[in-house]
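Breakdown of the fold
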Amino acid sequence: MVGVVVICHYEMWKHHEIQVESAQTLDIQSGDSFVDIASSLKTMGIIRNVGYFELLARTSGSAASIQAGEYSFSGTYTPVSVLQNLVSGKVVTRTLTLPEGGSFKDLVQVLASAPKLNFDLPNLRVEAALAELGIRRTWAQIPSDHGEGWFFPDTYQYTNTTQASEILITAHNKMIEELRDVWQNRDQSIPFKKPYDMLILASIIEKESGVPQDQQRISGVFCRRLNKGMRLQADPTVIYGLGDTFTGNLTRAHLNMENPYNTYRNFGLPPTPIASPSRAALEAAAHPAPGDALYFVARGDGTSEFSATLEEHNRAVRQYQSNQGN
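These remarks concern the structure in this document. Only a predicted model underlies this, so the values are computations on that prediction, with no experimental measurement involved.

Here the focus is the overall build of the protein chain. Each helix and strand counted, the protein chain has 13 helices and six strands in total. In terms of overall size, the protein chain is more extended than a compact globule, its C-alpha atoms giving a radius of gyration of 28 Å where 326 residues would be expected to give roughly 20 Å. Based on the C-alpha atoms only, the size of the protein chain along its principal axes is roughly 100 × 50 × 35 Å. Taken across its 326 residues, the protein chain has 44% of its residues classed as buried. Within the protein chain, contacts between residues separated by at least 24 positions form 62% of all contacts whose residues are at least 6 apart in sequence. For the protein chain, the centre of its 28 positive side-chain charges and the centre of its 34 negative side-chain charges are spaced 5 Å apart.

We now examine the pattern of salt bridges. Evaluated as defined, the whole model comprises 15 salt bridges. With a closest N to O distance of 3.7 Å, Asp-27 and Lys-116 form a salt bridge. Of this pair, Asp-27 sits in strand β1 (residues 18-28) while Lys-116 sits in the loop between α5 (104-113) and α6 (129-132), and the two are 89 residues apart along the sequence. With a relative accessible area of 36%, Asp-27 lands in the partly exposed category. Its relative accessible area of 38% is what places Lys-116 among the partly exposed residues. The partner of Asp-145 in a salt bridge is Arg-137, with the nearest N and O atoms 2.9 Å apart. Taking relative accessible area as the criterion, Asp-145 reaches 23% and is therefore assigned partly exposed. Owing to a relative accessible area of 38%, Arg-137 belongs among the partly exposed residues under this scheme.

This part takes up the packing of helix α3 (residues 50-59) against helix α4 (residues 79-88). As a packed pair, α3 and α4 sit with axes 11 Å apart at the nearest point and diverge in direction by 55°. Classed by the angle they form, the pair α3 and α4 counts as oblique. Seen along the crossing, α3 lies across α4 with a hand that is right-handed. On the side of α3, the interface is formed by Phe-53, Leu-56 and Ala-57, while α4 contributes Pro-79, Val-80, Val-82, Leu-83 and Leu-86. Classifying every residue of the contact of α3 with α4 by side-chain character gives eight nonpolar, no polar and no charged.

Turning next to the packing of helix α8 (residues 195-208) against helix α12 (residues 279-286). Between α8 and α12, the least distance of the axes is 8 Å, while the angle of their chain directions is 120°. By the angle between their axes, α8 is oblique relative to α12. For α8 against α12, the interelement crossing comes out right-handed. Along the contact surface, α8 presents Met-198, Leu-199, Leu-201, Ala-202, Ile-205 and Glu-206, while α12 presents Ala-281, Leu-282, Ala-284, Ala-285 and Ala-286.

A word on the environment of Gly-241. Relative to the helices and strands, Gly-241 resides in helix α10 (residues 235-242). A C-alpha to C-alpha distance of 9.7 Å links Gly-241 and His-254, two positions 13 residues apart in sequence.

Before going further, it helps to examine the side chain of Ser-209. Relative to the helices and strands, Ser-209 resides in the loop between α8 and α9 (212-228). Overall, Ser-209 belongs to the buried group, its relative accessible area being 4%. Those residues in contact with Ser-209 that lie beyond four places of it in its chain are Asp-214, Gln-215, Ile-218 and Gly-302.

Before going further, it helps to examine α12. Because the α-helix completes a turn every 3.6 residues, residues three or four places apart line up on one side. Of the residues making up α12, those classed as buried are Ala-281, Leu-282, Ala-284, Ala-285 and Ala-286. Looking at the buried side of α12, the elements it contacts are α7 (164-184), α8 and α9.

Right, let's talk about α10 for a bit. Taken together, the buried positions of α10 are Pro-236, Thr-237, Val-238 and Leu-242. Each element contacted by the buried residues of α10 is listed here: α8 and α11 (252-255). Looking one or two places after α10, you find Gly-243, whose phi comes out positive at around 60°.

The rules behind these values
Position numbers for residues start from 1 in each chain and track the written sequence from start to end. Given that the model is predicted, a residue must reach a pLDDT of at least 70 before its local features are reported, and side-chain atom pairs must reach 80 or more before they are shown or counted; all residues, however, enter totals for whole chains, interfaces and linings. By convention in this description, side-chain values take in all heavy atoms of the structure and omit both hydrogens and water. Segments assigned H or I by DSSP are reported as helices when at least four residues long, segments assigned E as strands when at least two residues long, and all are numbered from the N terminus. Radius of gyration: over C-alpha atoms. The globule rule applied is 2.2 Å multiplied by the number of residues raised to the 0.38 power. Residue burial is assigned from relative accessible area. The probe radius is 1.4 Å, only protein chains are included, and a residue is buried under 20% of its type maximum, exposed over 50%, and partly exposed in between. The contact rule is simple, with two residues in contact once any of their heavy atoms fall within 4.5 Å. His is not counted here, nor are the chain ends, while Lys and Arg score as positive and Asp and Glu score as negative. Lysine's charge is taken at NZ, arginine's at CZ, aspartate's at CG and glutamate's at CD. Put simply, a salt bridge is a Lys or Arg side-chain nitrogen that is within 4 Å of an Asp or Glu carboxyl oxygen. Every axis corresponds to a line fitted to the C-alpha atoms, with the helix fit spanning only the stretch in contact, and the corresponding angles, defined between N-to-C directions, vary from 0 to 180 degrees. In what follows, roughly perpendicular refers to angles from 65 to 115 degrees, roughly parallel to angles under 35, roughly antiparallel to angles over 145, and oblique to any angle outside these ranges. Note on convention: near helix rotated counterclockwise from far helix by under a right angle means a left-handed crossing. Clockwise means right-handed. For this classification, the nonpolar set comprises Ala, Val, Leu, Ile, Met, Phe, Trp, Tyr, Cys and Pro, the charged set comprises Asp, Glu, Lys and Arg, and every other residue, Gly included, is treated as polar.

See the structure below:
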């Protein structure tokens, strides 16, 4: 009879509901013992009997199947549903966003500040990022291990067991996928023989404007300038080349400096991308808008004014720079 009573009590316990009023979080590390996990659950008030919980896990064959991770409990649970959560790995999932137009340094800062993300990139260098991440350059269109521009800006999910390097590798694979797709469907008249050159231009377009319609027109300006042998004269490339020395005020002295990213002095594209371009910027680089504009200037409201001649451009610069100064 004692055995029957115990069995009945155990069966009732398995399905007894416990209300967790305020969210409780349990971190399970790889190698944690089942008894320690059950004890933590009891301390949190999620289960009431460690022995029964261990019996439930062993009789169901689940004791060795609990997955590491961060679990959140809030609402109504039974011991059975608690165990099911731990075995199925219903861990807390967070998201982070790698920003469009963000530099490699910006992306690393986002990863470093993401809560509960294992940041394993303290010494990662942009110049050798792909090699240091263990990314093999199996695609012929990846000319070097330089990491700028090779990580797609998007929202990514992670758990507390995710490494920051895993997100970057996922973002890199995503950029390869996006770049290949856009390149295959590109306008054949664009002045690029390699997808990497299109990636570089897309990064400049991204930094110049976030307006899709203007991005295509800006692409048209840059492609026409390249075809005519004109310098790009793109402020964002100069700023990128200045690095941490740039304080927010681009001067004429900066435009005259010797720097591989100074497109006011150098012809053609800079040696690498300067940021992570969005899909829209990639599409703009692949499909430049037709026209005769060779110049553009920001209007101050997010859009740009386009001009076919230097005289028109100088007039637009005076107009809009004056407006921005008011």
